[in-house]
Every structure is written in C-alpha cells, then in structure tokens.
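Analysis of the macromolecular model
Chain by chain, the residues:
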Amino acid sequence: MEQGVLGGALAKGFLTGVDSRERHEADFVGSSELEDFFENAAVPLHLVANDGTILRANRAELDMLGYTAEEYVGRSIRDFHADPAAIEDILSRLSRREDVQHYRARLRAKDGSMRWVEITSNVRAVDGRFLNTRCITIDVTEKTKAEELLREHEQRLAATYHSAGAGIVETDAKGRLLRVNAHFCDLLGYDREALVGESIFDRTFAADVEADRSQYMRQVAGEIKSYTTEKRFVRQDGSLLWALMTSSSICDEQGQFRYAVRVQHDISERKAIEATLAQRAEEQGALHRFTEMLQHARTPADVHEPALDAIQRALGCQRASILLLNDGIMKFVAWRGLSDAYRTAVEGHSPWPEDCTDPQPICLGDMQKAELPDKLKRTILAEGIGAVCFVPITEGGRLLGKFLAYFDQPWDCSADQVEVARTIARQLGFGIERLKAQNAAQRLAAIVESSHDAIVSKDLNGIISTWNRGAERLFGYSAAEVVGKPITIVIPDDRLDEEPLILGRIRRGELVDHFETVRRRKDGTLVNISLTISPVRDATGRVVGASKIARDITDQKMAEAKVRDSQRHLQDLLAAIPAAIYTTDRDGKITYFNEAAVALAGRTPVIGSDEWCVTWKLFWPDGTPLPHDQCPMAISLREGKPVRGYEAVAERPDGTRIPFVPYPTPMRDANGKVIGGINMLVDVSERKQAETQQRILLDELNHRVKNNMMMLKSLLSVAARTSRSTEARDTLQEASNRVATMAAAQRVLYDTADASNFSAQPFLGAVCETAKQMFPPNVRLVCEADSIQLPNDVAMPLALIVNELLTNAVKYGLNGSVGGTVHVSIRRKGEGNSLIVEDQGPGFDLNSVRATSSGLRLVEGLARQIGATFEVHRDPCRCVVAFSQAPLEIGRATGNRDD
C-alpha cells in the first residue's frame, strides 16, 4: 500500500514536474540531482525510445525483474511483456501522445516468473519530436493474486448457492425476488427468468400469505432478525408444495435491513404423512368419542346424534342418515341435510334382504354411473348427491338397519374408510341394542371386553377397577392380577409424573385424547401406546373415575422409523449412482471425471487437455462420426442450456463401442455466466440388447399366435361345413367369424412398433375388412376412425364388439340378404371415445331382446370388461359403445367386477 501511494506521488512529479523544469534545465538526464533521484527512486522507473527500445532503467526496476542493466537496457520492451497485445496497445497510445495511467500488464522476470504491474507513462517530446517515454512500473503481483483468490472464492460461493439442496432466494424490502437458485426453480417448476422480479408472495398459497407477510414486515422493520414458518407454494402445474421456510435478514453497517435470505426445504412428504396420521387420528377420535357418548346414552337421540357426528367426522361426508328396520321396512330415524321429499321417496329401500346374515357395505362412488333403478337414481341425483355409501347396521348376525354417508361430489371410499364405517356401524348397533335391552351394563361390558384396544377403568386415586381382554393382551397381566392395584404398575419409573397430571385433568372433567406415551408390560418390555382417557360420572354427573382406552402404536412407530430409514437409504443410493460423470470448464476442457467415466471410455482422460468428452472417438447411432466439438456437451456449453434427447456411441481405444445417453448441463456463476458444464453418460448397451431380443420374441409370438388362430378358424369352418345340425353349423360359423375378427385385431397389434398402444384407424379397417368377407356382396361397409391411440387391453374386446354389432346390423337391420350400407366409426368424444355402428333398419329395444340374443349379451359383457357403456338408439338404428382410452381406468373397471 505504501509503495502504491509513493508511486502515485512520484508519478505525478516524474511525469508532470519534469516538463515544467525543462525551461530551466537543458538536459533532464544530465542533472546530477535528478540523476540520483532517477537511479535510487523507491519505485521502478525506465525510459523507452519511440521504437520500444529501453534507454534507461533504475535499480528498483532491475531488482523487481532480476535483470542486470546489461541484460535489460538496450533491448526492446516487447521482449519483457508476456502479452504482446498489451505492450502494442501501450506503445500505440503513447505514439498518439496519450497518457497511460495504471495500465495493468504482465512482465517476465529473469527467473521465469510473471510479475503483474501497473504502468503509468507519457511521452517526452521537444519541438514536436518524440524523444522517449517516461514510465513508472508498480508491482501489483500480490494484489492481483489476492483479487484472483477473491474472484475464485466468490465463484465457488455462487456455485454452492445454486447447487444447494434447498431452495434459496434473496428478497428486497417489498418481498420482490432478487435472486433464486436452481433448486428453488425446480421446486416450483419455473425457470429463473419467470421468478426474478416477482413477489415471493405471488407464488404463496392464498391462505398462507397474510401470516408470512406480517412476519416479513416485522423483519424488514428490524423488529426481528429471522423467523421460521411452514407455508405452501403453488407450483406451475397447480399442485401445492409444503415448505419449511427460514427468512434471515442481511443488514448494512448501520444495522438497517438490506435484503433477506430465505431458505425453503421441501416438507411435502412429511405433511402428507402427517395428514394421513391426522386422518387416522380423526377417525379414531370420532370412534373414541362415539364410544364414550354411547356409555352415557339414555334415549335413542343419545345414540343417533353422536352416531351422525361420528359418521360425518370420521368419513368426511357432508350429510348422513340412519334408517332402522321397522316391521320389515327401512325407516328414517335420524338425518342431516336431507329434504322431506327425498326421505319420502327413498324410505323403504334396502340393498339387502331382511334375512341377510352377512350384509356388506356398498359404496357408489359416482351416482351418474351407478347401476340403480332409474326412478331411485333420478331421486338421488335431484337431491344433489354425488356419491353415497350404504353401511349395514347389524347385531348378533341380524340386520337392524343401515346408515348412509352422502358426498356432494363423486368420492371413492378407501378400504380404511370402509373399515371405519363398519366400526361405526358396529358401535351404532351396540348402542341401539343397549337401549332395547334391560341389561345395558352387561352389553356395555361386552363391548369393552370385545374391543381389541385395552380398555381400563380406575378411580380418582388411580386404583384399577376394570381390566378388559385387550388390556390383558396388551400388558400381559390378567384382570385378577391388577384389579385393586394402582395403575402405576404399568407405568415406567421415568413416566410416573404423567399420572398425577392425568388424574388432575380427569377430576376437572376434561378428556385426555390421543395422548402418546410408553407403558411397561408384565415381562418388563416397553410398548408405545396412544391413550384416550375419559372421565366416568355417576348418575348425578359427578366425576367418580376414569375410562382409559390404550392402543398399541408400536407398528405405527416402526413404520415411521422404516420411512426414515428408507429415506436415508435412498439418499445413499443416489449418492452412489454408478454412472459416468465428468465436468469441464467453459472452454470444454475436462476438469473432473469419476471411475465410471474411465470404465465407460476405456481410457483415463487427461484433465486440462481433453476437450468436450472423455471418450476417444464418438459416433452417431447410425455409425456416422461425431466430432467432439459438435457433441452434446459442446452444444450445451455454446448455447448455455441443458441438452436432452440425444444418443451417441463411444468407441474405446480397443475398438469396442458403447451406446450411451448424455445429459450435459451448463454450470453458471452468480451472474449467470457459464463457467463450465457437467455431464452424465448413461450406458444403454443392455437396453439396446434387450430391445432387440424383445422384438425377436414378439415377432416369434406374433407368428405363432397368427398360425394358431388361423388353424382354429379352419377347424371351426370345417366343423361347420360337415355338421348336420343347422344350429351347430350356425354356432360354429359364429365362432369361426369371431376367431377371424380376433386374428385381424391381433395382426394390427403386433404390426405396430408400440408395445402398449395401437392406432384406431388400421385396427377398425382390418376388423371391418375381415367381417366384410362374411357378408353378402351387396352389403356396403363404411369404416371411419379418428386418429386415436388406444391401449392394447381394449383391442380384443373392442374387435369382438364390432363383429357382433356388424353381424346384428346385417342380419336384422338389413334383413340378411337385402342390400344396404352399414356405417362403423370410432370417434373421440370429450375425454373418452365412442364406437358407433349404424344401419338403415328401424332398430330395437335392448331390454326386450336381451334375453333372447346371446350376441347382445356378449356385447354388454365385453363393454363392462373395458369399463364402457352400451346404448341403443332407434330410427335409424344406432348402437353406441362409450369407453375411455386410459389403461388405468380400464383396470379399475375390470378389477372391481366379478363378471
């Protein structure tokens, strides 16, 4: 620093003061005082002729570079500059009489090292004649190195910022996004340009904005330095992302807010688990609450109203009702949200006969598609009911009635919800029977004894009064061993302080709901349980004891631990992916590679020398040579964006070739400038071999299936021709036609390259062409299909449906031999598709001919198989099969039916 200040002062005097003294001194160099000043100055000085020859250099300059005067003076200044362009620029400026101020350049020292210097120079001229240049050279090598280290450190920090595994953003006082990292962009599904400049609250779920904004305003005002909250973001696809967000203030030297750094961690999975657990807890709470209320029931309303509460709370339905059998007729006894007209219309309906011994719940997830009597269905839809669940109420194997859970929108009840509904129904049945019978205490004891949960009662001193079988199973003590003893017998020593707190709440009449703790079994082992403890009251309402329900949650805890272990295991697996990975600088020079890259390339790349790729030679999949500077990595660095969708082939030095898929991605610094790239090369050799083998196997399978079908058709045709029975001939001929139709559909399936879908146009053409060969020549078929891709699962059922409907149209719609036209089409309709077969006949009523037409029954069965609906319209005759093209929906339709 001192040398820099001295150099600046000296430069001022050296370059300006000299000219003023020229009027008084004939020769600057000849002055003894100035000669001593020049030679012994603390900063390097030199004079250069107009052609670049060094005329003079002082001791400081020679010491800085390590040369003697003989080695330095008399040579061209260009010989000592490491960057020719820099010295030429300096000389060019000086030749134009321009002053050069603090020009940074590199000089070669005698020992081969490079010295960074700042050059200040101007021209000395007499009578317009260029005599020489006067130069001051300040050594800034250490300063330059420090600046380089600082830049490198900043680049590393920027790379770390953008590569962090959490979403990191910087926001100004108004909440506008100043900077976002790549992980945050990935979390929300937006690119950086779409986010920067927007408010962080623009992407926040509306219900969470106010709480976050109020905290942020306090942070901006300096009331708090940071805060943490859980909030939801709305992603680009409309889905919600739960995040644990921490906002920290960055302040200036006066402590004033400059901007905030906000870190977002994705906790969506945790929230989903919590929601599931909360739902289970809500269900259990509803059940426990219902069970508690039943204990105090004195009238039918004391049973019905808590039951409706439990139904709505546990199942999440909007409306509910309870109907009981009275003289063999289902009648409403309690309801919520139902009109008088609806109750009058549906009262008496029961999906189970009165003598049914094992009625099962029936869930109609979509009333629009429910197979119910038309009148009943219209009544339900008019009430605004989108879905309904019928749950039988039984007791002792007898059907007592039912309760119904109504949903305003279509709703699929899960197996867990159905089981909860069954549990509610069981409890409701118990409550109903309790009121009917005189032995209420015995029946309540039976409920307690039959419960899988441990149910224990105790007095206000903690002395055990009752102990059910569930408690025996859970804790290992028999009732005889513990009744009359303190409940602390099952409480570990380190949790004894819980009991006084629980008893205190019970004495105040409070409910202790879903209290998770640990208890000790008879054998000394510990068990995780969930407790629900309710106060027990006498006839006057005075609290006299407590009823405790304990549920073993060991499996739940183990499941949670397994989820955590699975997450850690997944992270380890991702960290050890055995794929070839390497990085480059912005010029494409290899800077890093892993062992998998060496294995794939068959060679060890040379860091700093190899460019663009670690492989020796590259080829396109068709064998065409691929120059390294045109490979995907080179393209990614040039265009500054990830490159996807390419395949290439790497040739090893031994001549073997490896097909691979590259995933090059540029890396950027804090300013968004590309500083290098990272690439992962995925070896797809085995996939290529598997695809080839699969194609061979499919071709062989196709060949054999076609041969078998043609042989079967031939056998059926021969049998039909040789049969003496007309009925047998017709049946065999129909079977032969169906086999031919299946063969046509099969031919289309295996002629396509797609293993899971087929095109509707060639499919319908092949099926119609096969069917046409079986019809009289005066029958004209018009076949049309939209450009639709359909899943292979529907091919055979759809082909047989077309065959049956065409046969029916020719046989009945065109009166057999009479000529005419039949139109067949497959059209897209909304999100689904429709197969339409139309002839010129008058049509028919499906309900009246269903019993006598095996072909139409076959069509209905096949339609159900693919989750379709079958309708018949008249004048003209039109048969419509409406179906979905989604394989998942077809799987649901076929998996939920017994037929």
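In what follows, the accompanying structure is described. (Residues numbered from 1 in each chain as written. Predicted model: local features only at pLDDT ≥ 70, side-chain atom pairs only at ≥ 80, totals over all residues. Heavy atoms only, no water.)

1. Some points on the overall build of the protein
Basically, it comes down to this: Starting at the N terminus, helices and strands are each numbered in turn, a helix being any DSSP run of H or I of at least four residues and a strand any DSSP run of E of at least two. By definition in these notes, contact holds between two residues if any of their heavy atoms fall within 4.5 Å. Using a 1.4 Å probe, accessible areas were evaluated by the Shrake-Rupley method; residue-level cover was limited to the displayed protein chains.
When its secondary structure is counted, the protein shows 28 helices and 34 strands. Counting contacts in the protein only where the partners sit at least 6 residues apart, residues at least 24 apart contribute 52% of the total. Summed over all atoms, the accessible surface of the protein reaches about 47000 Å², with 52% contributed by carbon and sulfur.

2. A look at the pairing of strand β32 (residues 832-838)
Here is the rule we go by: Relative accessibility under 20% of the residue-type maximum defines a buried residue, over 50% an exposed one, and the middle range a partly exposed one, all with a 1.4 Å probe and only protein chains included. Pairing between two strands is assigned when DSSP locates at least 2 bridges connecting them.
Across the seven residues that make up β32, a large majority, six, are buried. The pairing of strand β31 (residues 820-829) with β32 spans seven bridges and is antiparallel. Bridging from a neighbouring strand, V824 pairs with V837 of β32. Taken together, the six bridges between β32 and strand β34 (residues 878-883) define a ladder with antiparallel strand orientation. Looking across to β34, one finds that L835 is bridged to V881.

3. Focus: unusual backbone geometry
A positive phi is found at R97, a non-glycine position, where the angle reads about 65°. Counting through the fold element by element, R97 comes out in the loop between α5 (84-95) and β3 (100-108). Even without being a glycine, H514 presents a positive backbone phi close to 55°. Turning to its location among the elements, H514 is positioned in strand β18 (residues 512-520).

4. Some words on the pattern of salt bridges
Threshold: Salt-bridge detection follows one rule: a side-chain nitrogen of Lys or Arg within 4 Å of a carboxyl oxygen of Asp or Glu.
Across all of its chains, the model carries 49 salt bridges by this definition. Salt-bridge contacts for E88 lead to R78; the nearest nitrogen and oxygen are separated by 2.6 Å. Here R78 lies in the loop between α4 (69-72) and α5 and E88 lies in helix α5, a separation of ten residues in the sequence. We note a salt bridge from R542 to D538, for which the minimum N-O separation is 3.3 Å. Among the residues examined, D538 registers a relative accessible area of 26% and is labelled partly exposed. Beyond isolated ion pairs, a larger network of salt bridges with shared partners links E230, R270, K271 and E274.

5. Some words on the packing of aromatic side chains
Condition: By convention, a stacked pair of Phe, Tyr or Trp rings (six-membered ring in the case of Trp) has centres within 6.5 Å and planes under 30 degrees apart, an edge-to-face pair has planes over 60 apart, and any other such pair is tilted. We call a charge positioned over a ring when the NZ of a Lys or the CZ of an Arg lies within 6 Å of the ring centre and within 35 degrees of the ring normal.
With the rule as written, the count across this model stands at eleven aromatic pairs. Ring plane angle 20° and centroid distance 5.8 Å describe the contact between Y67 and Y72, whose orientation is recorded as stacked. Neither Y67 nor Y72 differs from the other in exposure class; each is buried. Ring-pair connections join several aromatic residues into one group, and the members of that group are Y67, Y72 and F80. If you follow R213 out to its NZ or CZ, it ends over the ring of F201, 4.6 Å from the centre. We note R657 situated over the ring of F619; from NZ or CZ to the ring centre the distance is 3.7 Å.

6. Digging into the packing of helix α10 (residues 268-295) against helix α14 (residues 415-436)
Defined as follows: All axes are obtained by fitting lines to C-alpha atoms, using only the stretch in contact for helices, and the reported angles, taken between N-to-C directions, cover 0 to 180 degrees. In these notes the angle categories are as follows: under 35 degrees is roughly parallel, over 145 is roughly antiparallel, 65 to 115 is roughly perpendicular, and the rest is oblique. All amino acids are sorted into three groups, where Ala, Val, Leu, Ile, Met, Phe, Trp, Tyr, Cys and Pro are nonpolar, Asp, Glu, Lys and Arg are charged, and the leftover types, Gly among them, are polar.
For the pair α10 and α14, interaxial distance at closest approach is 10 Å and the crossing angle is 5°. Classed by the angle they form, the pair α10 and α14 counts as roughly parallel. Counted together, R280, E283, L287, F290, T291, L294 and Q295 of α10 and D416, Q417, V420, T423, I424, Q427, L428, G431 and R434 of α14 form the full contact between these two elements. Among the residues making up the contact of α10 with α14, the classes are represented as six nonpolar, six polar and four charged.

7. Topic: the pairing of strand β4 (residues 114-126)
Of the strand pairs in this sheet, β3 and β4 are connected by seven bridges, and their pairing is antiparallel. Opposite R104, over in β4, you have E118 as the bridge partner. Between β3 and β4, which pair antiparallel in sequence order, lie five residues; one of them, G112, sits at a positive phi of approximately 90°. Across ten bridges, β4 lies against strand β5 (residues 129-139) in antiparallel orientation. If you follow V123 over to β5, its bridge partner there is T133. Following β4, the chain reverses through two residues before pairing antiparallel with β5; D127 in that reversal takes a positive phi of roughly 55°.

8. Considering the environment of V649
Note on placement: V649 falls in strand β24 (residues 648-651). Judged by relative accessible area, V649 falls into the buried class, the value being 13%. Sequence-wise, V649 and F619 are 30 residues apart; in three dimensions their C-alpha atoms are separated by 5.0 Å. Contacts of V649, omitting those with residues within four sequence positions, involve K617, L618, F619, W620, P621, R657, I658, P659 and F660.

9. Points about the nonpolar core
Put simply, the rule reads: Take the buried residues of types Ala, Val, Leu, Ile, Met, Phe, Trp, Tyr and Cys, join any two whose side-chain atoms come within 4.5 Å, and each joined set is a nonpolar core.
Counting 44 residues, the largest nonpolar core has L806, V822, V824, I826, L835 and F870 as its most contacted members. Where this core is concerned, the elements lending two or more residues are α24 (760-772), β29 (779-785), α25 (795-813), β31, β32, α27 (854-865), β33 (869-873) and β34. At ten residues, the largest contribution of residues to this core is made by α25. Once you skip the residues sitting within four places of it in the chain, V822 turns out to touch R780, L781, V782, L806, A809, V810, L814, V837, E838 and D839. Core analysis: the second largest hydrophobic core is formed by 31 residues, I311, A387, F403 and F407 among them.

10. Considering the environment of R850
By secondary structure assignment, the location of R850 is in the loop between α26 (846-849) and α27. Taking relative accessible area as the criterion, R850 reaches 27% and is therefore assigned partly exposed. Considering only alpha carbons, one finds R850 and E860, ten residues apart in sequence, at a separation of 9.4 Å. Sequence-distant contacts of R850, that is, excluding residues within four places in its chain, are made with R857 and E860.

11. Brief notes about the sheet that holds strand β9 (residues 240-251)
Spatially, β7-β6-β10-β9-β8 is the arrangement adopted by the five strands of the open sheet, whose pairing is antiparallel. Of all the strands in the sheet, the pair left with one neighbour each is β7 (177-180) and β8 (226-234). Here the average twist between neighbouring strands, direction ignored, is 30°. Relative to strand β10 (residues 257-266), β9 runs antiparallel, the two being bridged by nine bridges.

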